[in-house]
Amino acid sequence: MFCPNCGKEYQEKINFCSQCGTAMFSPARRVKKLTLSEKNKKIGGVCGGFAEYLDLDPTLVRVAWVMGALVGG
Ligand SMILES: [Zn+2]
């Protein structure tokens, strides 16, 4: 196997490149990043991004967001 970052070749299976420290194993689960949604930009994309991150209905998140804004001031 080769290090995807520096290209160093390894004969055995390793987890990290000893030369540059790049992770060599493939992640078991897909890491979700909390990013602004490209699809839901109704309120700056924040709520939509949150909804996608939490796998929730964007409308529900918007309502919760507004409620939180009203209660929290
Ligand atoms: Zn490397």
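Residues numbered from 1 in each chain as written. Predicted model: local features only at pLDDT ≥ 70, side-chain atom pairs only at ≥ 80, totals over all residues. Heavy atoms only, no water.

Caption draft 1: View of the overall build of the protein. The helix and strand tally for the protein stands at two helices and zero strands. Counting over 73 residues, the protein shows a buried share of 18%. Sequence-distant contacts, at least 24 apart, represent 0% of the contacts inside the protein between residues at least 6 apart. (Helix = DSSP H or I, 4+ residues; strand = E, 2+ residues; numbered from the N terminus. Buried < 20%, exposed > 50% of the residue type's maximum accessible area, 1.4 Å probe, protein only. Contact = heavy atoms within 4.5 Å.)

Caption draft 2: Representation of the packing of aromatic side chains in the model. Enumeration over the complete set of coordinates arrives at zero aromatic pairs. One Lys or Arg, K8, reaches over the ring of Y10 and ends 5.6 Å from the middle of that ring. (Phe/Tyr/Trp six-rings, centres within 6.5 Å; stacked < 30°, edge-to-face > 60°. Lys NZ or Arg CZ within 6 Å of the ring centre and 35° of its normal.)

Caption draft 3: How the structure looks around the coordination of the zinc ion. C3 (SG), C6 (SG), C17 (SG) and C20 (SG) make up the full set of protein donors to the zinc ion, lying at 2.2 to 2.3 Å. Taken together, the four donor atoms surrounding the zinc ion define angles of 103 to 119 degrees at the centre, an arrangement classified as tetrahedral. (Donors = N, O, S within 2.8 Å, 3.2 Å for Na, K, Ca; no water. Tetrahedral: all angles 85-135°; square planar, octahedral: opposite > 155°, others 65-115°.)

Caption draft 4: Just the nonpolar core, in detail. Core analysis: the biggest nonpolar cluster contains five residues, these being C3, Y10, I14, C17 and M24. If we skip the residues at most four places from it in the chain, C3 touches K8, C17, C20, T22 and M24. (Core = buried A, V, L, I, M, F, W, Y, C linked by side-chain atoms within 4.5 Å.)

Caption draft 5: Structural detail: a nonpolar patch on the surface. On the surface, V66, L70 and V71 cluster together into a nonpolar patch covering about 330 Å² of accessible area. Position of V66 relative to the elements: it lies in helix α2 (residues 58–72). V66 gets classed as partly exposed once you look at its relative accessible area, which sits at 41%. (Patch = residues over 30% accessible without salt bridge, like charges linked within 9 Å, V, L, I, M, F, W, Y side chains within 5 Å. Areas by Shrake-Rupley, 256 points an atom, 1.4 Å probe, with all protein chains shown as cover. Salt bridge = Lys/Arg side-chain N within 4 Å of Asp/Glu carboxyl O.)

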